[in-house]
Structures are given as structure tokens and as C-alpha cells.
Amino acid sequence: MVNLMTIRSFIALPIQKETADELGDVAAKMSYQDKSNAVNWVGQENYHITLAFLGEQNINDLDSFAERLDEHLTQHGFLVNLSHLSPFPEIKPKILAAMVEKNEGIQSVHKQVVSSLNASGLLFDKRKFIPHITLGRYRQARSHYTGTVPMNCSYETFIDEVVLYQSNLTRLGAEYEPIYRFPLDQFCDDFANNASAEH
């Protein structure tokens, strides 16, 4: 029997709790300055780096994609640096974000995810990949945050998994539920185990 159930989904890189706590402290200070309540601030437990927004997808198609990605994802864990905080995008910004520096690791994992999506035949948002962590969303198109945005930050976080999330829209905002997890550190362990077996 064909399963016609669809869910709103996206695939992303969760960040370490320590980094989320640090960003959460910064966001809390910015929120205190948000006197006009222009921004809907994201809970730090929901901080992540989106690789691809998939929108509404059939659950069976997501299962097939997950199997394909699990077979083809070869990227090991890696560090990323957060370069600065900024309204994003620069023209008609919709969010306040911590911008992430692109490096070989994040570009490689993004390429592997997109390749698996294309091979699975899933439609997804193909806008230019600019990695960032959303701290808050403007409530309205004409809203403006009038507080201070710390331009410099020196945070880093270790990426050790890719996660396929279900996004549930509620009255209080979106809630994210992991559907599939794809550990990246296992590839490092496998390599170490193989190397030990050879010596």
C-alpha cells in the first residue's frame, strides 16, 4: 500500500551544546535590546546549519533518500568557525544570524547531501548555499532590530553528524524533530580501527 503521508522537512548540521550556549547568551543580550519586539528569537536548542530545505515530502521518499545518503556519505567530522553576526541576507534581511565560514568539510558534506537528493529525485530549495545559524527571525517584513549586533565573534563548533529533521509548525513557532541521524565521527573510528588491524 502506498503511503501518501507527507512531512515538512530539512537536512542540517546540529552544533555542539557548548557553542549553542555561547550563542544563546549573545542572543539573550540582543533580545534584551529588542525593545520593539521586532524579532522572534530562536531557542538555542534549535540552532543548526541548514544544508537543504526539502519542504513537504512523502515519507517513503524520505526513507529512500536516507538509505542513499547513509550509503554515500563519506565525510568525517570537522570543525567550523563562526565569522560574525549579521542581519541576513544583506538586502531585505529576514533573520539575524551567526555566519559560518566555508571550509572543505562543510562544502564536502553539502555536496554529498545535494548529490544524494538529486539521485533520489527529490525536489528541494536550490538557492545558493551560505552557511549560517539563525538566531532570530523578523516578525514582519518591515521589522527592524534596533539594538547592537556584535560584529565579531570567535566561536567554533565541531560537526559530528548530519540530521534529517521534521519541522512541525505550532502556534509558538517551529519545532524540530530528528527523523534520521547520520554520524560523521564513525568514519574516523572506522579508519582508526582499520589502521590498527593492519599493524
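Rules used throughout
- Residues numbered from 1 in each chain as written.
- Predicted model: local features only at pLDDT ≥ 70, side-chain atom pairs only at ≥ 80, totals over all residues.
- Heavy atoms only, no water.
- Helix = DSSP H or I, 4+ residues; strand = E, 2+ residues; numbered from the N terminus.
- Contact = heavy atoms within 4.5 Å.
- Expected span 1.5 Å × (residues − 1).
- Buried < 20%, exposed > 50% of the residue type's maximum accessible area, 1.4 Å probe, protein only.
- Polar contact = N/O pair within 3.5 Å; in protein donor to acceptor, adjacent residues only side chain to side chain.
- Pairing = 2+ DSSP bridges.
- pLDDT = per-residue confidence, 0-100.
- Core = buried A, V, L, I, M, F, W, Y, C linked by side-chain atoms within 4.5 Å.
- Salt bridge = Lys/Arg side-chain N within 4 Å of Asp/Glu carboxyl O.

Visitor: Looking at this structure, I do not really get the environment of L122. What am I missing?
Guide: Mapped onto the elements, L122 comes out in the loop between α3 (104–120) and β6 (132–138). Taking the C-alpha atoms as reference points, L122 and L62, 60 residues apart in sequence, are found 8.4 Å from one another. Excluding its chain neighbours within four sequence positions, the residues that come into contact with L122 are Q57, D61, L62, F65 and L117.

Visitor: I keep staring at α3 and nothing clicks. Help me out?
Guide: One turn of the α-helix equals 3.6 residues, which is why residues spaced by three or four share an orientation. Under the 1.5 Å per step criterion, the end-to-end length of α3 is 24 Å for 17 residues, consistent within 8% with the ideal 24 Å. The complete set of buried residues in α3 reads G105, I106, V109, H110, Q112, V113, V114, S116 and L117. In this fold, the buried residues of α3 make contact with β1 (6–14), β3 (48–58), α2 (59–72), β4 (78–88), β5 (95–100) and β8 (161–170). Near the N-terminus of α3, the side chain that reaches the backbone nitrogen of G105, with its oxygen 3.1 Å away, is that of N103. One or two steps after α3, the chain reaches G121, where phi turns positive at roughly 75°.

Visitor: Explain the pairing of β5 to me, please; I cannot follow it from the model alone.
Guide: One face of the sheet, then the other: side chains in a regular strand alternate in exactly this way. Taken across its six residues, β5 has six buried, putting it largely inside the fold. Neither face of β5 is open: one carries I95, A97 and M99, the other L96, A98 and V100, and all of them are buried. Taken together, the six bridges between β4 and β5 define a ladder with antiparallel strand orientation. Across the sheet, residue L85 finds its bridge partner in β5, namely A98. Taking the residues between adjacent antiparallel strands as the criterion, β4 and β5 are bridged by six residues, where K92 takes a positive phi near 50°. When β5 meets β6, the two strands line up antiparallel, connected through five bridges. Counterpart to L96 in the pairing with β6 is G136.

Visitor: Whenever I open this one, the confidence of the model for the protein confuses me. Can you help?
Guide: Predicted coordinates in areas of low pLDDT are best not read in detail. Summarising the model, the protein shows a mean pLDDT of 88, and 90% of its residues fall at 70 or more. Counted against residues more than four places away or in other chains, residues 187–199, with its pLDDT under 50, gives six contacts.

Visitor: What is the right way to look at the nonpolar core in this model?
Guide: Buried together is how nonpolar side chains tend to be arranged in soluble globular proteins. One finds L23, I133 and V162 to be the most contacted residues of the largest nonpolar core, which totals 51 residues. Here L23 is in contact with I15, Y47, L82, L85, A98, I133, L135 and Y155, once residues within four sequence places are set aside. Counting five residues, the second-largest nonpolar core is a separate cluster that includes F10, V163, Y165 and Y176.

Visitor: Looking at this structure, how should I read the pairing of strand β7 (residues 156–159)?
Guide: Going residue by residue along β7, you find T157 and I159 tucked away on one face and E156 and F158 left uncovered on the opposite face. Summarising the sheet, β4 and β7 pair through four bridges and their orientation is antiparallel. By the bridge assignment, V80 is partnered in β7 with T157.

Visitor: Help me understand the pattern of salt bridges, please; the structure alone is not making it clear to me.
Guide: Pairing is possible between side chains of opposite charge, provided their charged atoms come close. For the structure shown, the criterion picks out three salt bridges. The salt bridge involving E161 is made with R181; its shortest N-O contact spans 2.9 Å. Taken together, the residues E161 in strand β8 and R181 in strand β9 (residues 173–183) connect sequence positions 20 residues apart. Looking at R181, the relative accessible area reads 48%, which means it is partly exposed.

Visitor: Whenever I open this one, unusual backbone geometry confuses me. Can you help?
Guide: Excluding glycine, a negative phi dihedral is what most residues carry, and trans is how most peptide bonds are arranged. Residue P89 follows F88 across a cis peptide bond; omega there is -5°. Here P89 is to be found in the loop between β4 and β5. For N37, which is not a glycine, the phi torsion comes out positive at approximately 55°. Looking at the element boundaries, N37 is found in the loop between α1 (17–33) and β2 (39–41). We note that K92 has phi near 50°; this positive angle belongs to a residue other than glycine. One can find K92 in the loop between β4 and β5.

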